[in-house]
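Overview (structure and organization)
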Amino acid sequence: MEGQRHEVVLASLDTGPHPVPDSFDKIVIGASIRYGRHRKAVFDFIEHHRALLECKPSAFFSVNIVARKPEKCDPHSNPYMRKFLRQTAWRPGQLAVFAGRLDYPHYGAFDRFMIRLIMRITHGPTDTSRSYEFTDWAKVEAFGEAVGKL
Ligand SMILES: Cc1cc2nc3c(=O)[nH]c(=O)nc-3n(C[C@H](O)[C@H](O)[C@H](O)COP(=O)(O)O)c2cc1C
């Protein structure tokens, strides 16, 4: 988006205080999946700012590992995006799903064990000595361009 001469401000919902969204022309919310869910803070933010989100150009993207599978990598087919759309009445102008990163060496013992188990069941990588990046950065780039045109 910065390539399209938009000024972009990044803010985390985990570490407040975050910028007041009404001072921006467009709002993009991105959220990753942890154990089957988008964080509650994402829904709290959306509900708190719903009126504003509905009257400004807005977009949402979800990052998860299930999206590494071609049959689950777009907003219509990704189970977490489908669930997200059932959980909120907000309908952003642009939606995207991106495959994220598996970072086994940086997980604690419990997460490493659980994620490896999930990967074994879903035929994903199980070598915990390394990280795996599944993100299609060209898709991220295309999303940025589409958001720029909203
Ligand atoms: C503790 C943990 C639980 C996760 N649970 C899921 C999950 O249930 N489904 C999924 O598709 N991806 C899952 N992921 C993968 C993340 O969505 C992916 O690694 C993403 O890139 C994480 O981004 P973040 O580190 O910014 O949260 C999980 C990752 C972690 C670390």
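Presented here is a report on the structure given in the accompanying data block. Each chain has its residues counted from 1, running along the sequence as written. The predicted origin of the model limits local features to residues at a pLDDT of at least 70 and limits the giving and counting of side-chain atom pairs to 80 or more, whereas totals for whole chains, interfaces and linings rest on all residues. The basis for every side-chain value is the complete set of non-hydrogen atoms in the structure, without hydrogens or water.

Re unusual backbone geometry
Note the cut-off: By the criteria applied, helices consist of DSSP H or I runs no shorter than four residues and strands consist of E runs no shorter than two, each listed in order from the N terminus. Here's how the labels work: a residue is buried when its accessible area is under 20% of the maximum for its type, exposed when over 50%, partly exposed in between, all with a 1.4 Å probe on protein chains only.
Of note, Tyr 35 is a non-glycine position whose phi angle comes to about 45°, a positive value. Within the element layout of this structure, Tyr 35 appears in the loop between β1 (27-34) and β2 (37-38). Exposure remark for Tyr 35: the relative accessible area of 44% places this residue in the partly exposed category.

Re the packing of aromatic side chains
Rules: We call Phe, Tyr and Trp rings a pair once their centres come within 6.5 Å, taking the six-membered ring for Trp, and we label the pair stacked below 30 degrees between planes, edge-to-face above 60, and tilted otherwise.
Enumeration according to the criterion identifies 11 aromatic pairs in this entry. Where Phe 98 meets Phe 143, the ring centres are 5.6 Å apart and the plane angle is 75°; that geometry is what we call edge-to-face. Remark: Phe 143 occurs in helix α5 (residues 137-148) and Phe 98 occurs in strand β4 (residues 94-99); sequence separation between them is 45 residues. Its relative accessible area of 9% is what places Phe 143 among the buried residues. Grouped by ring-pair contacts, the aromatic residues Phe 43, Phe 60, Phe 84 and Trp 90 constitute a single cluster.

Some words on the site of the ligand
For clarity, the cut-off: We call a residue near a molecule or strand as soon as one heavy atom of that residue lies within 4 Å of the molecule or strand. Under the rule applied, a polar contact is a pair of N or O atoms within 3.5 Å (in protein, one hydrogen donor and one hydrogen acceptor; residues adjacent in sequence only if both atoms are side-chain atoms).
Every one of the 16 residues lining the ligand counts as a neighbour, but Ser 32, Ile 33, Tyr 35, Gly 36 and Arg 101 are closest to it. Note that an oxygen atom of the ligand is positioned 2.9 Å from one of the backbone N or O atoms of Val 66. A distance of 2.9 Å separates a nitrogen atom of the ligand from a polar side-chain atom of Tyr 80. If you list the elements that add at least two residues to the shell around the ligand, you get β1, β3 (58-64) and α4 (109-121). With three residues, the single largest contributor to the shell around the ligand is β1.

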